[in-house]
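Now for the letters of each chain:
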Amino acid sequence: MSENGKKGFSRRVFLKLSGAAALGLGLDIGFARILLADDVVAIPVSQGYLLVDSKKCAGCMSCMLACSLVHEGKENPSLARIQVLKEPFESYPDDISIVQCRQCVNPLCLESCEYDALYVDTRNGNVRTIDPEKCTACMACVEACPFTPGRAVWNFEKERAQKCDLCANTPYWNEKGGPRGKQACVSVCPMEAITFTTTVPVQEGDSGYLVNLRGATWKELGYPTD
Amino acid sequence: MNGYTGSILRVNLKTRKISTIDTKKYEMWGGGHGIGSAIFFDLVKDKAISGYDSGNVVTIMTSPLSGTLAPAVSGRTEVQGVGLQSYPVEWFTRSNFGGRFAGMLKYAGWDGIVIEGKSKNPVWIDIRDREVKLVDAKPLWGLDTWETQKKIWHRVTGLKSYKDWMEVGKSPRGERTTLKPAVLTIGPAGENLSRIASLIHDAGNAAGQGGFGGVWGSKNLKAISVIGSGSIHISDPNALMEARLWAKKSYSWQPGNLTDKLGSHAFSSNPSQGSPSTPGVKSRPSGCMACHKCCRRKTELGGNESSCVDMFFYCFEDAKKHGKQTTASLKASDLIQKTGINAFELETVIIWLKTLHKKGILGPGKEIDTDLPFDKMGEYEFVEKLVTQLETRQGIGADLHNGAARTAKKWGRFEKDLKSGVLALQYWGYPKHYDARTEVEWGYGSILGDRDCNEHDFMMPCYYSPSMNALAGMETYISAKEVSQIIAEKCKPYNDPLMIDYSDEGIYSEHMAKTVAWHRHYTRFWKQSIGYCDWCYADFVNPYAPGYRGITPEAEPKFLNAVTGKNLTFEQGMELGRKIWNLDRAIWILQGRHRDQEVFADFTYEKPQEGHATYEIPYVMTVHEKGKWKYKDVGGRILDRSKFEEWKTKYYTLEGWDPESGWPVRKTLKSMGLDYVADELHSHKKLGRG
């Protein structure tokens, strides 16, 4: 029961439950937004997330090139929805960071969009995505992303915003993508430094999204696993 | 023009004119080396000039695959021009380097850069997409390569940290990137005109062979910076993506499927293959753009991005001194990358100096006076002193900056030290690599060319894998016969199993002539023009693949055609390689090349091979004797001078060259559409007869 005594979900409980749906516990969320009992509009959580291990990344940028290739049909790191930041003169482990869209439970990019261009795609596991037809190139979502670098990407060639859709819509790859399919970056990474999960990561800080994917093989190869 | 940007940037440092060349004019050559040679041939009228001559033209070329998802090819950049390192002639030569420069150049809208003339004052070239400027480099002159790059990044972006999107240019469209400018630069060694100076990009990507650092120094060119935001158009994106996944699934190392097959393998080796780990030092693999293998290493304490000889040149001395590799090796590697000195030459120089010191010829107050601290050999202190003297031309560096061959000449030691092998310069003044007495295709290819060829295609399955197994007391997982069959299947158009017969007879055979021809043609097109990395291609034997059959020759055209939309066959690529090899041959002939010059240093013919390679690995190779294939230790062999001369005749004949001179005949050149090259040779009275 919420504080006013009416049956409903508080925002926190809603998010918890919708997270359970992502875990496969049976709560089917077939809508993009819900008006909560406390008058807060909430949205269902994504049913898929990319997790990365920056300590395992070799900096080859294959993920970026695959992303650009399958979405745009071109090679251009600037159009990739996942980015690898490299510091050539820094030492391990401060030399490389993979930065990916977090499919936030509370996506500020979505909230910032006044034109409903950025929406929850219920047909593709609630991934947060952008309808290019509705995008007005206002760049509000690009600015609203609280992470650096921003994960909503400005496509200056098409003059519209775009963001990670977990490969739900890859016109240049004949593979089913999205939360129930394959993701180009996960598929191509030679180090397996990117993985996919249906579990809602911890939203506070980076620990939910930045994980340790270095296992026995990594140790066998002589690399650190801590 | 899928895969190409359509424009080659042309910069005249003397006139400061910036113009473009239409890539279409040279597209027939594929990319990289082929285009570079063709442009050099057209622009340099007198090809017999010194590398220091202001008329020297340096080309820096990409390929249609640069900046794409194609594995182990996307990051390579080819550099050409008249070099400084070779002796006695400064041949038209090549080098290349990895990293992300090639891709960035393509994203900026350029297939390559042509550098002409000499600037009055130090300059660097600032490329931001299609905007190109020459910038005063006086504030950068004297800085090491790392500091230079940091200064340029700051100048281009206005930032001191790079964690966010950066706008490229001032277009209202808002072009942006998170990637720093890719910078190719020289260090103090290049500024001081060293013949063994490198071009350096990022931390450890070096174009080392050829002495291009000194060439840039002579042109007063400190650096080229490029930042790009444009797209490369791909003919069939799905085919490219699927090809990449096919290569990963069937031919690559992957976490969880490590093979126990000992030996070094081309396409499939474990990450950091080229960079030995330092006990107790944490690290990660490091890869060039779009590489699946990531052969380098980044550590918590240095040695970053350095691999192979960039590490090996000092880690053996370090290990001898300390019983294990220490951070001295890592610091030494970073030092040569910062100063911009060719590690491969330095390795041989250190061995030579050590020997002369041991003999009492070199040292404080000796015949060759030097204050180098030989008691500190293996410590960072020794290499620091040597490199500092080299880069500043102080002390022994006043001579050594000219390279070992010219130093030996000045010291009056050239003939005797090359006769004894104390100074192991085997071809054109370059240090021997894999030995011309044992792994002959490497030496033969080098002496027929312009430099240490440094192409590991046959080396991995025919030498390294069996030799590493022999060293470990293990049986090689694949028989010599199977290797010969696989290579025969893959080496179109010859398809001859005896091509890898390294027996005492086989090394002088017509089969070995085919090996060398295949190797020359393959590398000239597929590796140096399209850019497939030497450490991954050709992939003959692959422990992950069905029947151990590697990814060559399926992969090379598969990736290229997915990008370009052309239907080039592997064999057509080989034919283009033959054409490029002939064009290069013509340039060398115009520089004075004759078959009489194509001889190895005397030690090759007079001293038995030491029984192992530089790194003390035995020389076990594939041989076919008495009708049977086997692995055999061929160390200790001497190359027979007259038999090698007979072999040269076989090779020249196979190539359609005049065996008297080693010069191509008109018919050969005409068959490849090189009539204009034949005319040029004819006008210099250097066209082969026949």
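Residues numbered from 1 in each chain as written. Chains lettered and ligands numbered in written order. Predicted model: local features only at pLDDT ≥ 70, side-chain atom pairs only at ≥ 80, totals over all residues. Heavy atoms only, no water.

S.K.: What am I meant to see in the overall build of chain B here?
M.R.: Looking only at helices and strands, chain B has 23 helices and 25 strands in total. The C-alpha radius of gyration of chain B comes to 24 Å, within 12% of the 26 Å expected for a compact globule of 690 residues. When the backbone C-alpha atoms are referred to their principal axes, chain B occupies close to 75 × 65 × 60 Å. Residues counted as buried form 68% of the 690 residues belonging to chain B. Long-range pairs, those at least 24 residues apart, make up 70% of the contacts in chain B between residues at least 6 apart in sequence. Element-wise, carbon and sulfur atoms account for 49% of the exposed surface of chain B, whose accessible area totals about 21,900 Å². One way to put it: in chain B the 92 positive side-chain charges average out to a point 3 Å from where the 81 negative ones average out. (Helix = DSSP H or I, 4+ residues; strand = E, 2+ residues; numbered from the N terminus. Rg over C-alpha atoms; globule rule 2.2 N^0.38 Å. Buried < 20%, exposed > 50% of the residue type's maximum accessible area, 1.4 Å probe, protein only. Contact = heavy atoms within 4.5 Å. Areas by Shrake-Rupley, 256 points an atom, 1.4 Å probe, with all protein chains shown as cover. Lys, Arg positive; Asp, Glu negative; His and termini not counted. Charge placed at Lys NZ, Arg CZ, Asp CG, Glu CD.)

S.K.: Would you mind going over the nonpolar core with me for this structure?
M.R.: Among soluble globular proteins, nonpolar side chains are generally buried collectively. Among the nonpolar cores identified, the biggest contains 260 residues, and I127 and Y444 of chain B are the most heavily contacted of them. Per element, the largest residue contribution to this core is 11 residues, and it comes from helix α19 (residues 570–590) of chain B. Leave out the neighbours within four places in its chain, and Y444 of chain B touches A436, I507, Y508, M512, V516, F600, L639, F644 and W647 of chain B. Ranked by size, the runner-up nonpolar core spans 17 residues in total, among them I43, L118, C141 and W154 of chain A. (Core = buried A, V, L, I, M, F, W, Y, C linked by side-chain atoms within 4.5 Å.)

S.K.: Explain the sheet that holds strand β5 (residues 92–97) of chain B to me, please; I cannot follow it from the model alone.
M.R.: Strand pairing in a sheet takes place through backbone hydrogen bonds and is either antiparallel or parallel in direction. Residue and element names in this part refer to chain B. The strand order across the open sheet formed by 6 strands is β2-β1-β6-β3-β4-β5, and the pairing between neighbours is mixed. Each edge of the open sheet carries a strand with a single partner, namely β2 (18–22) and β5. Sheet twist, expressed as the mean angle between neighbouring strand axes with direction ignored, is 20°. As defined by bridge partners, strand β4 (residues 77–82) adjoins β5 across 6 bridges and the pair is classed as antiparallel. (Pairing = 2+ DSSP bridges. Axes fitted to C-alpha atoms, helices over the stretch in contact; angles between N-to-C directions.)

S.K.: What is the right way to read the environment of T622 of chain B from this model?
M.R.: Residues and elements named next belong to chain B. In this structure, T622 sits in strand β22 (residues 620–625). Judged by its relative accessible area of 0%, T622 falls in the buried class. As a C-alpha pair, T622 and S479 span 143 residues in sequence and 9.1 Å in three-dimensional space. Leaving out residues up to four positions away in the same chain, T622 has contacts with C462, A480, I500, D501, Y502, S503, W629, K630 and Y631.

S.K.: Would you mind going over the interface of chain B and chain A with me for this structure?
M.R.: One widely used convention gives an interface's size as the accessible area the parts lose upon coming together. Each partner contributes residues to the interface: chain B has 67 residues there, and chain A has 64 residues. Contact between chain B and chain A buries roughly 5,300 Å² in total, counting both sides, with carbon and sulfur atoms accounting for 58%. When the buried area of chain B at its contact with chain A is split by residue, W165, R173 and R284 of chain B rank highest and sum to 14% of it. Measuring nitrogen to oxygen at the nearest pair gives 2.8 Å for the salt bridge that ties D226 of chain A to K282 of chain B. Looking at the side of chain B that touches chain A, the elements with two or more residues in it are α3 (145–157), β10 (176–177), β15 (232–233), α6 (237–251), β16 (283–286) and β17 (296–299) of chain B. In terms of residue count, the dominant contributor to the side of chain B that touches chain A is α6 of chain B (8 residues). A class-by-class count of the residues in the side of chain B that touches chain A yields 24 nonpolar, 24 polar and 19 charged. (Buried area = accessible area lost by both parts, 1.4 Å probe. Salt bridge = Lys/Arg side-chain N within 4 Å of Asp/Glu carboxyl O. Nonpolar A, V, L, I, M, F, W, Y, C, P; charged D, E, K, R; others polar.)

S.K.: Honestly, the domain arrangement of chain B in this entry has me stumped. Any pointers?
M.R.: All names here are of chain B. For chain B, the domain assignment lists domain 1 (7–227), domain 2 (238–260 + 267–427), domain 3 (430–659) and domain 4 (660–690). Each partner contributes to the interface: domain 1 provides 37 residues, whereas domain 3 provides 32 residues. When domain 1 packs against domain 3, the two sides together hide about 3,000 Å² of surface, and 64% of this comes from carbon and sulfur. If you sort the residues of domain 1 by the area they bury against domain 3, W29, W91 and R94 come out on top, with a joint share of 22%. (Domains from an automatic or database assignment.)

S.K.: Is there a simple way to explain the layout of surface pockets in this structure?
M.R.: Residues and elements named next belong to chain B. By volume, the second largest pocket is sized at about 660 Å³. Within the residue set of the lining of the second largest pocket, elements represented by two or more residues are α7 (309–322) and α9 (343–358). It is α9 that contributes the most residues to the lining of the second largest pocket, 8 residues altogether. Broken down by class, the residue content of the lining of the second largest pocket amounts to 12 nonpolar, 5 polar and 7 charged. Here the lining of the second largest pocket spans two domains, and each of domain 2 (238–260 + 267–427) and domain 3 (430–659) adds at least three residues to it. (1 Å grid on protein atoms, 1.4 Å probe; cavity = no way out; pocket = protein on both sides within 12 Å on 5 of 7 lines; lining within 4 Å. Points joined across faces, edges and corners; volume = space filled by probe spheres on them.)

S.K.: I keep staring at helix α21 (residues 641–655) of chain B and nothing clicks. Help me out?
M.R.: Two residues of an α-helix separated by three or four positions point the same way, owing to the 3.6 residues in each turn. All names here are of chain B. Taking 1.5 Å per residue as the helical rise, α21 with its 15 residues ought to reach 21 Å, and the 21 Å between its terminal C-alpha atoms agrees with that figure. Buried residues along α21 sit against α14 (440–447), α17 (510–527), α19, α20 (602–606), β24 (657–658) and α22 (666–671). One or two steps after α21, the chain reaches G656, where phi turns positive at roughly 80°. (Expected span 1.5 Å × (residues − 1).)

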